Amino acid sequence: MAASATPIVLGVLSGGEDYGYSLMRRVTEASGAQLEWKEGMLYPLLHRLEQQGLVASRWGASPGGRRRKYYAITAAGRGELETHVTQWRLVVQTLDALLPASPALPARWPEGSALTAGGI
């Protein structure tokens, strides 16, 4: 899971800035509730990505008036995301070539998925 968290966060932020709770909710929804991140995992990752210059943050107000920290991907973060996506596509291609055909395993990733369609 740890290896996939960085590209997932950068992928979400590639669509525009977002805040922590929304990031967790979007990951849960996108995974069909198979991935449910907790604050204790997400916020240290966001801080690390910020220290690495891959994301930037700013304080803003929520519609309810509470302060909220918003995160946005940086140019360096976009480059890192592209590297991760390229690596994941190679892993998927290799798995497709190595895995035996099985009813339990897809023969190929669904067309139009982020990994086959240029995604993210």
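Residues numbered from 1 in each chain as written. Predicted model: local features only at pLDDT ≥ 70, side-chain atom pairs only at ≥ 80, totals over all residues. Heavy atoms only, no water.

Participant: Just checking my understanding: could you explain the pairing of strand β3 (residues 67-73) for this structure?
Facilitator: Remember that side chains alternate between the two faces of the sheet whenever the strand is regular. Relative to β3, strand β1 (residues 18-19) is paired through two bridges, and the arrangement is antiparallel. Each residue of the ladder has a partner; that of D18, found in β3, is Y71. Examined bridge by bridge, strand β2 (residues 55-61) and β3 share seven bridges and lie antiparallel to one another. The residue bridging W59 from the neighbouring strand is K69, located in β3. Adjacent in sequence and paired antiparallel, β2 and β3 are bridged by five residues, among which G65 carries a positive phi angle near 95 degrees. (Pairing = 2+ DSSP bridges. Helix = DSSP H or I, 4+ residues; strand = E, 2+ residues; numbered from the N terminus.)

Participant: It is not clear to me how unusual backbone geometry should be interpreted in this structure. Could you clarify?
Facilitator: Leaving glycine out, the prevailing phi sign among residues is negative, and the prevailing peptide bond configuration is trans. The backbone of A33 sits at a positive phi, close to 65 degrees, despite the residue not being glycine. Examined against the element boundaries, A33 turns out to sit in the loop between α2 (20-30) and α3 (39-51). Of the residues examined, A33 reaches a relative accessible area of 40% and is grouped as partly exposed. (Buried < 20%, exposed > 50% of the residue type's maximum accessible area, 1.4 Å probe, protein only.)

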